[in-house]
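Listed here are the chains, written in short residue letters.
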Amino acid sequence: MVKNSRTDGLLVLLRQGNNHAFSELYTTFYEPLANKAYCLLKERAEAEDVVQNFFVDLWKKQLYMQVHTSLHAYMHTAIRNRCIKLVAQKKKINLLLGKYIQYTGGDIMTGELLLQEKEEKMLLLIRKLPVRRLEVLKLACLQNKKYSEVAEAMGISINSVKTHLKLAFKFFRSGT
């Protein structure tokens, strides 16, 4: 196990923009964090993806700047939270898939036709959206960005982001 004082020293170097400190942190913690993620997810590739994405975010988004206690504890907590979020997303997808199968009565051909019709209708509706609203929708829903990130990327307020999304979803529900 890595001593916290060494990890805290790496944190100081990270805050100074030291690439070598990041490499050392990655080399030291990748495998233990991947093992922790694997214990939670039971899927090696997913566990490695979670840890890889964490390290990318840690560096690119400078998440280390938000660490005010132990970097070691922060990393383990972040991996646990990301795994829990992924499991919740998978449960939601499985629930929706179950509802879809129930809706189609298990008939794959009927299901495919219904899905194709819905996709075509959705594409038509998407083409009717204003450009800014569509951009907000892409960033928030497809790229899973937080409202604050969307607002910053587009140069608008968080309330504008919420309004664009609300109006887009209302438009989709109305189907006009």
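About the criteria used
Residues numbered from 1 in each chain as written. Predicted model: local features only at pLDDT ≥ 70, side-chain atom pairs only at ≥ 80, totals over all residues. Heavy atoms only, no water. Salt bridge = Lys/Arg side-chain N within 4 Å of Asp/Glu carboxyl O. Helix = DSSP H or I, 4+ residues; strand = E, 2+ residues; numbered from the N terminus. Buried < 20%, exposed > 50% of the residue type's maximum accessible area, 1.4 Å probe, protein only. Axes fitted to C-alpha atoms, helices over the stretch in contact; angles between N-to-C directions. Left-handed = near helix turned anticlockwise from the far one by under 90°. Nonpolar A, V, L, I, M, F, W, Y, C, P; charged D, E, K, R; others polar. Bend = angle between axes of the 7 residues up to and from the residue. Core = buried A, V, L, I, M, F, W, Y, C linked by side-chain atoms within 4.5 Å. Contact = heavy atoms within 4.5 Å.

Draft legend 1. Summary view of the pattern of salt bridges. Under the criterion given, the structure shown has 2 salt bridges. The partner of Lys 90 in a salt bridge is Glu 46, with the nearest N and O atoms 2.8 Å apart. Taken together, the residues Lys 90 in helix H4 (residues 71-104) and Glu 46 in helix H3 (residues 44-60) connect sequence positions 44 residues apart. A relative accessible area of 22% means that Glu 46 is categorised as partly exposed. Ionic pairing is found between Asp 57 and Arg 82, a salt bridge with its closest N-O pair at 3.0 Å. Here Asp 57 is found in helix H3, whereas its partner Arg 82 is found in helix H4, with 25 residues between them in sequence.

Draft legend 2. Broad picture of the packing of helix H2 (residues 19-41) against H3. Across the interface, H2 lies against H3 with an axial gap of 8 Å and an inter-helix angle of 145°. Relative to H3, H2 is oriented so that their crossing is right-handed. Of the residues in the contact of H2 with H3, the class split is 17 nonpolar, 3 polar and 4 charged.

Draft legend 3. Spatial organisation of H2. The largest bend in H2 is about 45°, located at Phe 29, with the proline Pro 32 one to four residues further on. Of the residues making up H2, those classed as buried are Ala 21, Phe 22, Leu 25, Phe 29, Tyr 30, Leu 33, Ala 34, Ala 37 and Leu 41. Lys 42 lies just past H2 and shows a positive phi near 60°.

Draft legend 4. Representation of the nonpolar core within the structure. In this structure, Leu 25, Leu 33, Val 51, Phe 54, Phe 55, Met 75 and Ile 79 are the most contacted members of the largest nonpolar core, which totals 24 residues. For this core, the secondary-structure elements that each account for two or more residues are helix H1 (4-15), H2, H3 and H4. The biggest single contributor to this core is H2, with 9 residues. Residues in contact with Leu 25, not counting those within four places in the same chain, are Thr 7, Leu 10, Leu 14, Tyr 30, Phe 55, Leu 58, Leu 71 and Met 75. Counting 14 residues, the second largest nonpolar core, distinct from the first, contains Leu 129, Ala 140, Ala 151 and Ile 156.

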